[in-house]
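Geometric and topological summary
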Amino acid sequence: MNTKMTPSKQATPYLVAFASIIIIIAGLKVAAPLLVQLLMALFIAIICMPSIRWMEDHKIPRSLAIVIVLAVILAFVYGVVALVGDSINAFNANKEFYIEQLGSRVKSIVDWVASHGMPIENVNVASAFEKADIMSLVTIVLGGVGNIFSDFFIIFLCVIFILAETTSFPSKFAKAFANAQDKMVHVNHVLSKIRHYLAIKAATSLLTGILASLALVFIGVDYPFLWGMLAFLLNFIPNLGSLLAAVPPVILALIQLGPIGVMWTGISFFAINNLVGNYLEPKLMGKMLGLSAFVVFLSLILWGYIFGAVGMFLSVPLTMMIKIALDTNEKTRWLGILLGPEEEAEEKAPVKS
């Protein structure tokens, strides 16, 4: 009897797996409005847990520790909303001045080009500025961040319930699964890596925002703390976030200070992003990320497609969770290796005698 499988039968499991992935992605896309809120609440709760445990270790009751952490979250959100609102109001109050400044900049560029034998038509700066002002660019760049704050009440309630339930989770997990101890080890491993990643990312993003604000104060660009807040938030988006954060202040530097201001603003953001993103962050994280650069970029596109701007913010933690889950199963470990960096593949490769 011939038990050899035909090529079509060998390919069937892979086709079924591929079709299943497509169905899962479509389902996540449909459920995105609900899942985005739950994911944000989950990751905020994961970030808050170490602070709550630290306060518990210092004899602060758990309920009081949760209240303190939630108060800090509320203060942060209020500060962001107040800062952005005040900056937008101030910008609208000075809009005519910016239009006039931009008009003079454009006129000088047109005159310079014309003096070199390349006459071009003048530009209606006022109408162009009305259609695409700099604060509209900020709104586009922030994207889903505004949605996060608009749904903040629901997210905040979810965080409260998640933090309140964390103490009962181990006992529930033990009763739900037969080999709960082994599974709990994997769960704690996943949570630990995500906590460390988010903690380091938050610290480096905060440093990026502070340095960007100080640089813009020194250069003289308006609303430096707004642009610093923007740099802090967008630094959570890998690869593209730091580039997007530089666009609005560079445009405002052109309007306000001219080519010299653009040059210094660009140099400042380039230096800050290289210092923090290319030197400090990799040094602090080391091999903890466990993802190749291509996978990080691909996850940014995939999760951004599924969950929008929130998916871009959470792309790395979500992909880390999937990779760790794949690594813990013998049948799927090969996929985890493909998602990992080259160094990890070399470590896991068998040594040939």
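Here's what I pulled together on the structure shown here. Just so we're clear, the structure is a prediction, and the values are computed from it rather than from any experiment. (Residues numbered from 1 in each chain as written. Predicted model: local features only at pLDDT ≥ 70, side-chain atom pairs only at ≥ 80, totals over all residues. Heavy atoms only, no water.)

Turning next to the overall build of the chain. Per the secondary structure count, the chain includes 18 helices and 0 strands. Within the chain, buried positions represent 37% of all 353 residues. For the chain, the share of sequence-separated contacts (at least 6 apart) that also reach a separation of at least 24 residues comes to 71%. Accessible area of the chain: about 20,700 Å², with a carbon and sulfur share of 71%. (Helix = DSSP H or I, 4+ residues; strand = E, 2+ residues; numbered from the N terminus. Buried < 20%, exposed > 50% of the residue type's maximum accessible area, 1.4 Å probe, protein only. Contact = heavy atoms within 4.5 Å. Areas by Shrake-Rupley, 256 points an atom, 1.4 Å probe, with all protein chains shown as cover.)

Ranked by size, the top nonpolar core spans 40 residues in total, and within it Phe43, Leu70, Ile73, Leu163, Phe307, Leu314 and Leu318 carry the most contacts. Here this core takes 12 residues from helix H2 (residues 32-57), the largest share from any one element. Once residues within four sequence positions are removed from consideration, Leu314 is found in contact with Leu39, Met40 and Phe43. Grouped together as the second largest cluster of nonpolar side chains are 29 residues, Ala231, Ile255, Ile272 and Val276 included. (Core = buried A, V, L, I, M, F, W, Y, C linked by side-chain atoms within 4.5 Å.)

To continue, consider helix H16 (residues 315-327). For H16, which comprises 13 residues, the first-to-last C-alpha distance of 18 Å matches the rise-based estimate of 18 Å (1.5 Å per residue) to within 8%. Most of H16 sits out of view: 10 of its 13 residues are buried. Where H16 is concerned, the buried positions are Ser315, Val316, Pro317, Leu318, Thr319, Met320, Lys323, Ile324, Leu326 and Asp327. (Expected span 1.5 Å × (residues − 1).)

Quick look at the packing of helix H14 (residues 293-307) against H16 now. At a closest axis distance of 9 Å, the pairing of H14 and H16 adopts a crossing angle of 105°. Classified by the angle between their axes, H14 and H16 sit roughly perpendicular to one another. Two secondary-structure elements touch here, H14 through Val295, Val296, Ser299, Leu300, Trp303 and Phe307 and H16 through Ser315, Val316, Leu318, Thr319 and Ile322. Its residues assigned to classes, the contact of H14 with H16 comprises 8 nonpolar, 3 polar and no charged. (Axes fitted to C-alpha atoms, helices over the stretch in contact; angles between N-to-C directions. Parallel < 35°, antiparallel > 145°, perpendicular 65-115°, else oblique. Nonpolar A, V, L, I, M, F, W, Y, C, P; charged D, E, K, R; others polar.)

A few words now on the packing of aromatic side chains. Going through the model one piece at a time under the given rule, you end up with 3 aromatic pairs. Aromatic side chains Phe76 and Phe232 sit 6.0 Å apart centroid to centroid with 75° between the ring planes, which places their arrangement in the edge-to-face category. Taken together, the positions of Phe76 in helix H3 (residues 62-93) and Phe232 in helix H11 (residues 224-234) put the pair 156 residues apart, joining distant regions of the chain. Aromatic pair Trp303 and Phe307: ring centres 5.9 Å apart, planes at 5°, arrangement stacked. You can see Trp303 and its partner Phe307 sitting in helix H14, 4 residues apart, about one turn around the helix. (Phe/Tyr/Trp six-rings, centres within 6.5 Å; stacked < 30°, edge-to-face > 60°.)

Let us now look at the pattern of salt bridges. Tallied over the entire structure, the rule returns 1 salt bridge. The salt bridge involving Arg62 is made with Glu56; its shortest N-O contact spans 3.4 Å. (Salt bridge = Lys/Arg side-chain N within 4 Å of Asp/Glu carboxyl O.)

This brings us to a nonpolar patch on the surface. There is a patch of nonpolar side chains on the surface, built from Leu64, Val67, Ile68 and Val72 and spanning about 330 Å² of accessible area. Assessed through its relative accessible area of 51%, Val67 is described here as exposed. (Patch = residues over 30% accessible without salt bridge, like charges linked within 9 Å, V, L, I, M, F, W, Y side chains within 5 Å.)

This brings us to H14. The end-to-end C-alpha distance of H14 is 21 Å, a good match for the 21 Å that 15 residues give at a rise of 1.5 Å each. Within H14 the residues assigned to the buried category are Val295, Val296, Ser299, Leu300, Trp303, Gly304, Ile306 and Phe307. The buried residues of H14 all sit within an arc of 160° when viewed along its axis, so they share a single face. Across H14 from its buried face, at more than 90 degrees, point the exposed residues Phe294 and Tyr305. Two residues or fewer past H14, Gly308 is found with a positive phi of approximately 75°. (Arc of directions from axis to C-beta.)

Once that is clear, we can look at the environment of Gly304. Mapped onto the elements of the fold, Gly304 is located in helix H14. Residue Gly304 is classed as buried on the basis of its relative accessible area of 17%. Placed 11 residues apart in sequence, Gly304 and Ser315 show a C-alpha to C-alpha distance of 7.5 Å. If near-sequence neighbours (up to four positions away) are discounted, Gly304 is found in contact with Ser299, Gly311 and Met312.

Here the focus is the side chain of Asn273. Secondary-structure assignment places Asn273 in helix H13 (residues 259-285). A relative accessible area of 18% means that Asn273 is categorised as buried. Ignoring any residue separated from it by four or fewer positions in sequence, one finds Asn273 in contact with Thr208, Ser242 and Asn278.

Our next topic: unusual backbone geometry. One non-glycine residue, Lys59, adopts positive backbone phi at about 70°. Relative to the elements of secondary structure, Lys59 occurs in the loop between H2 and H3. For Tyr223, which is not glycine, the phi torsion reads 55° and is therefore positive. If you trace the backbone, Tyr223 turns up in the loop between helix H10 (180-219) and H11.

A separate point is the side chain of Thr319. Tracing the chain through its elements places Thr319 in helix H16. Judged by relative accessible area, which is 7%, Thr319 ranks as buried. Among residues more than four places away in sequence, those in contact with Thr319 are Leu291, Val295, Ser299 and Trp303.

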